[in-house]
Amino acid sequence: MLKILRPVVSASKTGGLKLAPGLYRMASTDAGPVVIIKNMAEYKAALDKATGLSVAYHTAAWCGPCKMIWPHVLELASNNPKTLFLKIDVDEVSDVSAANGISAMPTFLFLKNGQKVDQLVGANPRMLRDLVAKHTASE
C-alpha cells in the first residue's frame, strides 16, 4: 500500500504537535496520526520535542495481538491530538526496543519528559484507553 507523508505544521495552526525536522506523521489511512519511528535518532528527537504525554507502541509485523490493537491505537491518536503516538517495529528498530527493554509485543510505554511513567504489555484496548486518559488528565 502506498503511504503518503505530510509534515506536521505548527501546533498553533493545527492543534497538533510540532515535530523535529525530518519526522512525519502518517497521513494515510494505514497509520493515521501516528509517527512511524525508523531509527534511534528519530525516537530521541520525537521525545525531545514532545511537550506532554508520549505513547511508544512497540509492535511487530508478525504479531497477531498487535494487528488487533492497531485500530484502537489509531482511534486514540486521532482523539488525542496533544498526545504523541509513536509506532516502533521491534524487528526494524531493534536498538530502540532493546534500549526500552521490550520483551513482549505489543508493549506500550507511556512517557513524559522522556521518562517512563507507565507501561502496558498486551493488547487490552480498555486498559490502553484508561492509561491514556489517566496520563492526559493533568494536561
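Going by the structure above, here's the rest.
A quick note: this is a predicted structure, and the numbers were derived from the prediction, not measured.

Q: Residues and numbers for the state of the cysteines, please.
A: Considering all chains together, one arrives at one disulfide under this definition. One disulfide bridge connects Cys-63 with Cys-66, the sulfur atoms lying 2.4 Å from each other. Handedness here is read from the sign of the S-S torsion; for Cys-63 and Cys-66, about 75 degrees, the answer is right-handed. Here Cys-63 and Cys-66 have matching classes, each one buried.

Q: Describe the environment of Asn-39, listing the residues and the values that go with them.
A: Within the secondary structure layout, Asn-39 lies in the loop between β3 (35-37) and α2 (40-49). Take Asn-39: its relative accessible area is 33%, and that puts it in the partly exposed class. Distance in space between the C-alpha atoms of Asn-39 and Ser-94 is 8.6 Å, their sequence separation being 55 residues. Among all residues touching Asn-39, those that are not within four sequence positions of it are Val-93 and Val-96. Within the structure, the side chain of Asn-39 is placed 2.8 Å from the backbone nitrogen of Glu-42, a separation counted as a polar contact.

Q: Can you lay out the packing of aromatic side chains for me, pointing to particular residues and giving the numbers?
A: Counting across every chain of the model gives two aromatic pairs. Each ring, one from Tyr-57 and one from Trp-70, has its centre 5.8 Å from the other, and the planes form 15 degrees; the classification is stacked. A residue pair is termed long-range when its members are at least 10 positions apart, and Tyr-57 in strand β4 (residues 53-59) and Trp-70 in helix α3 (residues 64-79) qualify at 13 residues. For the pair Tyr-57 and Trp-70, a shared accessibility class is recorded, and that class is buried. Pairing Tyr-57 with Phe-108 gives two aromatic rings, centres 4.9 Å apart and planes at 15 degrees, and the pair type is stacked. One end of the pair, Tyr-57, is in strand β4; the other, Phe-108, is in strand β6 (residues 107-112), with 51 residues separating them in the sequence. Across this residue pair, the class does not change: Tyr-57 and Phe-108 are buried. Positioned above the aromatic ring of Trp-70 is the side chain of Lys-87, whose terminal nitrogen or guanidinium carbon lies 4.0 Å from the ring centre.

Q: An account of unusual backbone geometry is requested, with residue identities and associated values reported.
A: Residue Pro-106 is bonded to the preceding Met-105 through a cis peptide linkage, with omega at -5 degrees. By the secondary structure assignment, Pro-106 is in the loop between α4 (94-99) and β6. Notably, Asn-113 is not glycine yet its phi reads approximately 55 degrees, a positive angle. The exposure class of Asn-113 is exposed, given its relative accessible area of 70%.

Scoring rules and cut-offs
For every chain, the first residue of the written sequence is number 1, and numbering continues from 1 along that sequence. Only residues with pLDDT of at least 70 get local features here, since the model is predicted, and only at 80 or more are side-chain atom pairs given and counted; chain-wide, interface and lining totals rely on the full set of residues. To obtain the side-chain values, all non-hydrogen atoms of the structure were included, while hydrogens and water were left out. Any two cysteine sulfur atoms lying within 2.5 Å of each other are counted as a disulfide. When accessible area is computed with a 1.4 Å probe and restricted to protein chains, residues below 20% of their type maximum are described as buried, those above 50% as exposed, and intermediate ones as partly exposed. Numbering of helices and strands runs from the N terminus, with a helix taken as a DSSP run of H or I at least four residues long and a strand as a DSSP run of E at least two residues long. Residues are treated as being in contact if the distance between any of their heavy atoms lies within 4.5 Å. Each polar contact in these results corresponds to two N or O atoms within 3.5 Å; when the atoms are within protein, one needs to be able to donate a hydrogen and the other to accept it, and residues that are neighboring in sequence are counted only if both atoms are side-chain atoms. The rule is short: rings of Phe, Tyr and Trp, with Trp giving its six-membered ring, pair when the centres are within 6.5 Å, and they are stacked under 30 degrees, edge-to-face over 60, tilted in between. Counted as over-ring charges are cases with an Arg CZ or a Lys NZ within 6 Å of the ring centre that also lie within 35 degrees of the ring normal.

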